[in-house]
Amino acid sequence: MKKNMITGSKLWSIAMITSLLAACSSPATTSTTANAATSTTGTTKTVSVSEQTSVKYADLVSLDADDTNISWSEADSTAIKLNGTTATVTGSGAKAANGSVTISEAGTYVLSGELTDGQIVVNVADKGTVHLVLNGATIHDNDSAAIYIQKAGKAVITLEKGTKNTVSDGKTYVYADATTDEPDAAIFSKADLTFNGAGQLTVTGNYNEGITSKDDLKIISGNIRVKAADDGIKGKDMVAIQAGTITIEAEGDGIKSTNDTDTTKGYVAIAGGSFDIQSGNDGIQAETALVTDGGTYNIVTGGGSANAPAKVEEGPFGGGGGWGGGTPPTDMGTPPDGEPPADMPEMPNNSGTNAGANTNGAAASNSANTTTTTTTDNNADADTATTATESTSAKALKAGTDLTVNGGTYTIDSMDDSLHSNNNVTVNDGTFNIESGDDGIHADQALTINGGTITIAKSYEGLEGAIITLNDGDVDVTASDDGVNAAGGETETATNTAASTDSATTATDAATTSNISVTETTGTTSTTDQASQGTAANQQGRGPGGMGAVSNNEFHINGGSLTVNAGGDGLDSNGSINMTGGTVIVNGPTDSGNGALDYDGTFEISGGYLVAAGSSGMAQGTSDASTQNTIVMTFPATQKAGTLVHVQDSEGNNILTFAPAKDYQTVVVSSPDLVKDGSYVIYSGGTSTGKAVDGLYTGGTYSGGTQVVAFQSTSNVTWVNESGVTTANTGMGGPRGGGGQGGFGGGRNRSQSGTTTDTTGTTDSAK
């Protein structure tokens, strides 16, 4: 039958524009998790979240006998032999005509040979299961889908072991009329679609997409290679992958689910397999939940992190700064295991500009493919603002609601965030090697790490979320801006000039797909000027005169290890930081516009080991309310990268031997071995015979250093310089020398904790 020659247009572009407009006007959601110690309050609503972080593939996906059935016999099947533009059918249930084959009955159909311009159509009125066996078949249609499942209860495509199969379409489709826009993929199904078997399948979607199902799409096994003009593999209600080897080269998204009307659907669940994905947009995107239990992933999005748009920052007094594309500064050195390295170049530091400032406090989600966003940070260092133009959403793993990783090995080079959720991210296990043009791991709400080995070798910001919790695991972050940034979510903000009222209600049913129970109330929030903010004794003022409010953002460290190398703030929270265990090593900024530690509320430490080195202008220690003691040492001059700093008690016991990776002037150390009223000596330089991991030495013997100061601690947080115990850094951001305060350096006025009055101690320059 001759096809009506009406060329179809891609009507989805209209829907995309509509979704962008909706995204710009939709309110944000707020949530906290059971891992967070404090619930979010003081916003337009209170949301209580009970999160089951162990949600797995099996919790979301069920298989029936048809999904796993790969058996067939000649006696019980219909043979379809393809030959050029014709086909021969042996058996019942199918007819060949005009270069196409139409299957009208449930059953098993075995396809072999080559169809150069024709279509396999499945149209089964009784909604039965159609089992297609590709037994060395090549199918191409010049102007429509090569395999089109119009109607069936389910379609199962088996890739016969030992065979190579190819399915492709043309670059232009012909539709019945101008209102029709389906099919639009080389393999297109309006019914549930399952792939299984041990053979190979190569799909080329020249017109639009490679493989699409308007219902469930399951891959049980097989070697599947997809190349697509837009999305590679797409399922509406779900994409479930149990195993297989999957290679995707897509101009759009690699793998995606699209159901945005039913919150119990639209998810992607992966049990295992091998994935090699190169996508122009997102690598794996779920409209709702994304769950991965295991597998090996090699994902490159948007051409990689090198293609990320530059982050353009504007400081409080004008001017630009910052680094583009998440590229680390040139002096992101590695900690030496002995002698100091050669001199390194200075960190970029623009005059009047907070070059590495945090500007992502809004932590806004980006589910659209083309956006231009302007965000203002609650924690904007000296009220910086950022305008970022994003040409595409090119995240590696992206979830509309929750992203849960239970295991697997991930090698990611993403133009955009590497792991991203518009709600929560939970990492229970897995090995990650990440290079990101934006955030390494981003959650609009809660980011929880319960295990795994995470190496973020390149990022703009390493970890970002409204509430961040590290319970276990090994995390190593390199960031051109903040290493860890607890910011965003729906939290209270303050402005200098006006008060505003915002009433909002937000549906949160989407959380149900990952066993999250949400209860919310609506209300009204009025923002206030700075005069009513930050009056608590230990809260830190933001900007000159304390120009920002303390938010409800939180960073909890309960275990594991965290190493940070940051061009901006090392650990940054728009609210508070709480540490009860684990080991944290921070190589912070070299410019005075940022700090190794940066928080607006309190930093209470009751356990674990903390060392943070960086510039002195914005230095903060821990809070007086801490039950574990801290020393904050400010050197009289900047120390070169790799120069050991050594702290020991009066009996010669090692408290700290550390070789910072970059130039530094302030070092913060908190250890269970520090005691109130203890006597300590700080040395600079020298060598150690101990073992160094990330610059922190354990064991061995320290020798050869120069004594800087000997002193007795006087409070939970003791600030010292070369003259002895001194007061906390309360200047405007300029580096301090000899205990004096710096000048107007573009920083913020802080009311520091751990303040003492007397200056005592001895200095010995020739140990």
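Worth saying up front: this structure is predicted, and the values here are computed from it rather than measured.

Undergrad: Explain the overall build of the chain to me, using residue names and the numbers behind them.
TA: Broken down by element type, the chain carries 3 helices and 65 strands. Out of the 767 residues belonging to the chain, those deemed buried represent 58%. When contacts within the chain are restricted to residue pairs at least 6 apart in sequence, long-range pairs at least 24 apart make up 61% of them. In the structure as shown, the chain presents an accessible area of about 26,700 Å², 48% of it carried by carbon and sulfur atoms.

Undergrad: Explain the side chain of Ser 100 residue by residue, including any values.
TA: Within the secondary structure, Ser 100 is located in strand 6 (residues 100–103). Among all residues touching Ser 100, those that are not within four sequence positions of it are Lys 95, Gly 118 and Gln 119.

Undergrad: Help me get a handle on unusual backbone geometry, residues and values and all.
TA: Cis geometry is found at the peptide bond from Glu 182 to Pro 183, where omega equals 0°. For Lys 127, which is not glycine, the phi torsion reads 60° and is therefore positive. As for its position among the elements, Lys 127 is in the loop between strand 8 (120–123) and strand 9 (129–141).

Undergrad: Describe empty space enclosed by the protein, naming the residues involved and giving the relevant values.
TA: Across all of its chains, the model carries 6 cavities of 30 Å³ or more by this definition. Lining the second largest cavity are Gly 595, Ala 596, Leu 597, Ala 612, Ala 613, Gly 614, Ser 615, Ala 619, Gln 620, Thr 666 and Val 668. Secondary structure elements with two or more residues in the lining of the second largest cavity: strand 53 (609–614) and strand 57 (664–670). Broken down by element, the residue count for the lining of the second largest cavity peaks at 3 residues, all from strand 53. By residue class, the composition of the lining of the second largest cavity is 6 nonpolar, 5 polar and no charged.

Undergrad: Break down the confidence of the model for the chain for me, citing the residues and quoting the values.
TA: Mean pLDDT over the chain works out to 78, with 70% of the residues at or above the 70 mark. Throughout residues 313–390 the model reports pLDDT below 50, and contacts reaching past four residues in sequence, or to other chains, amount to 245 contacts. Every residue in residues 491–547 is under pLDDT 50, and counting partners more than four places away or in other chains gives 152 contacts.

Undergrad: Hey, could you go over the pattern of salt bridges for me, with residue numbers and the actual values?
TA: Under the criterion given, the structure shown has 11 salt bridges. Between Asp 67 and Lys 154 there is a salt bridge, with its nearest N and O atoms 3.0 Å apart. With a gap of 87 residues between them, Asp 67 in helix 3 (residues 65–68) and Lys 154 in strand 11 (residues 154–159) connect regions that are remote in the sequence. Relative accessible area serves as the criterion here: at 0%, Asp 67 is assigned to the buried category. You can call Lys 154 buried: its relative accessible area is 8%. Across the pair Lys 190 and Glu 182 runs a salt bridge whose closest N-O atoms are separated by 3.9 Å. Classification of Lys 190 by relative accessible area gives partly exposed; the value is 37%. Members of the salt-bridge network, linked through shared partners, are Asp 64, Asp 67, Lys 154 and Lys 218.

Undergrad: Residues and numbers for the environment of Leu 115, please.
TA: Of note, Leu 115 is situated in strand 7 (residues 107–115). Counting along the chain gives 23 residues from Leu 115 to Thr 138, while the straight-line C-alpha distance between them is 6.1 Å.

Undergrad: Give a description of the packing of aromatic side chains that names residues and reports values.
TA: Throughout the structure, instances matching the rule amount to 10 aromatic pairs. Between Phe 275 and Tyr 297, the aromatic rings sit 4.8 Å apart at their centres with planes inclined by 5°, giving stacked as the arrangement. With Phe 275 in strand 25 (residues 274–279) and Tyr 297 in strand 28 (residues 296–301), this pair connects stretches of sequence that are 22 residues apart. Looking at Tyr 297, the relative accessible area reads 1%, which means it is buried.

Undergrad: Now, about the pairing of strand 34 (residues 402–405): what can you tell me, with residues and values included?
TA: What you see with strand 34 is no split at all: Asp 402 and Thr 404 on one side and Leu 403 and Val 405 on the other are buried throughout. Relative to strand 34, strand 27 (residues 290–292) runs parallel, the two sharing 3 bridges. If you follow Val 291 over to strand 34, its bridge partner there is Thr 404. When strand 34 meets strand 37 (residues 424–427), the two strands line up parallel, connected through 4 bridges. Within strand 37, the residue paired with Thr 404 across the bridge is Thr 426.

Each value, and the rule that gives it
The residue count restarts for each chain, going from 1 along the sequence in the order it is written. In view of the model being predicted, local features appear only for residues whose pLDDT reaches at least 70, and side-chain atom pairs are presented and counted only at 80 or more, with totals across whole chains, interfaces and linings using the full set of residues. Water and hydrogen atoms play no part in the side-chain values, which are based on all heavy atoms of the structure. Secondary structure elements follow DSSP: runs of H or I of four or more residues count as helices, runs of E of two or more count as strands, with numbering from the N terminus. When a residue's accessible area, from a 1.4 Å probe over protein chains only, is under 20% of the maximum for its type it is buried; when over 50% it is exposed; and in between it is partly exposed. Residue contacts are defined here by distance: any two heavy atoms, one from each residue, within 4.5 Å place the two residues in contact. Working definition of accessibility: Shrake-Rupley area with a 1.4 Å probe, residue cover restricted to the visible protein chains. Only protein atoms enter the 1 Å grid used here, on which a cavity is any set of points holding a 1.4 Å probe that cannot leave and a pocket is any open set flanked by protein within 12 Å on both sides along at least five of seven lines; residues with an atom within 4 Å of a point are listed as lining. Grid points are joined across faces, edges and corners, and a volume is the space filled by probe spheres set on the points. Throughout, the ten residues Ala, Val, Leu, Ile, Met, Phe, Trp, Tyr, Cys and Pro are labelled nonpolar, Asp, Glu, Lys and Arg are labelled charged, and all others, Gly among them, are labelled polar. pLDDT is defined as a per-residue confidence score from the predictor, taking values between 0 and 100. Salt bridges are identified by distance alone: a Lys or Arg side-chain nitrogen within 4 Å of an Asp or Glu carboxyl oxygen. Stacked, tilted and edge-to-face pairs are distinguished by plane angle, under 30 degrees for stacked and over 60 for edge-to-face with tilted covering the rest, among Phe, Tyr and Trp rings (Trp via its six-membered ring) whose centres lie within 6.5 Å. By definition, two strands form a pair when at least two bridges between them are found by DSSP.

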